[in-house]
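# Overview (structure and organization)
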Amino acid sequence: MKFRSVLALAALISFAAPALAQTAPLVAGKVTKIDESAGKITIDHQKIPNLDMPPMTMVFHASDPALLKAVKAGDKVKFSAESVNGQLTVTHIEQAK
Ligand SMILES: [Cu+2]
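Because the structure is predicted, anything quoted here is derived from the model rather than measured.

The rules behind each value
Residues numbered from 1 in each chain as written. Predicted model: local features only at pLDDT ≥ 70, side-chain atom pairs only at ≥ 80, totals over all residues. Pairing = 2+ DSSP bridges. Helix = DSSP H or I, 4+ residues; strand = E, 2+ residues; numbered from the N terminus. Axes fitted to C-alpha atoms, helices over the stretch in contact; angles between N-to-C directions. Core = buried A, V, L, I, M, F, W, Y, C linked by C-beta atoms within 7 Å. Buried ≥ 20, exposed ≤ 12 C-beta atoms within 10 Å, placed from the backbone. Contact = placed C-beta atoms within 7 Å.

Take the sheet that holds strand S4 (residues 76-84) next. An order of S1-S2-S3-S5-S4 is seen for the five strands of this closed barrel, with the pairing classed as mixed. Strand-to-strand, the axes of this sheet are offset by a mean angle of 55 degrees, without reference to chain direction. Summarising the sheet, S4 and strand S5 (residues 87-95) pair through eight bridges and their orientation is antiparallel. Considered in S5, the bridge of Ser 83 is made with Leu 88.

If you look at the biggest cluster of nonpolar residues, it comprises 15 residues, and the most contacted ones within it are Ile 41, Phe 60, Ala 62, Phe 79, Ala 81, Val 90 and Ile 93. Elements that contribute at least two residues to this core include exactly strand S1 (27-35), strand S2 (40-45), strand S3 (56-62), S4 and S5. Of all the elements, S4 adds the most residues to this core, at three residues. Apart from residues no more than four positions distant in its own chain, Val 90 is found in contact with Ile 41, Phe 60, Ala 62, Ser 63, Leu 67, Phe 79 and Ala 81.

Written as C-alpha cells, this is what we have:
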C-alpha cells in the first residue's frame, strides 16, 4: 500500500516536472506600480503570446514576494506571466538591458 503510493507520487512528480520546467516567453514591459503588501505589480506590457493578451497596462500577482524587490516603478523589464489558479501571475521578472 505504502509502496504503491510512493510509486504514484513518483509518477505524479515525473509528469509535473516537465510542466514546471516549461517557461513562459519573456515579454517586454514597464513597471508602473508595485504594491508589496498586496503582492501585486502593475505593468504596462507588450503582447503576451502565451496568455493571448494584447498590449495593455494591468495588475499582476507576483508568484514570489522577492520578485517585487528586484524591480521598481519606472523600470523597463522583461517578464513572464502565467495563469496560476485563475490569477494572472508574474512568475519571472528581470531588468531589461
Ligand atoms: Cu494584460
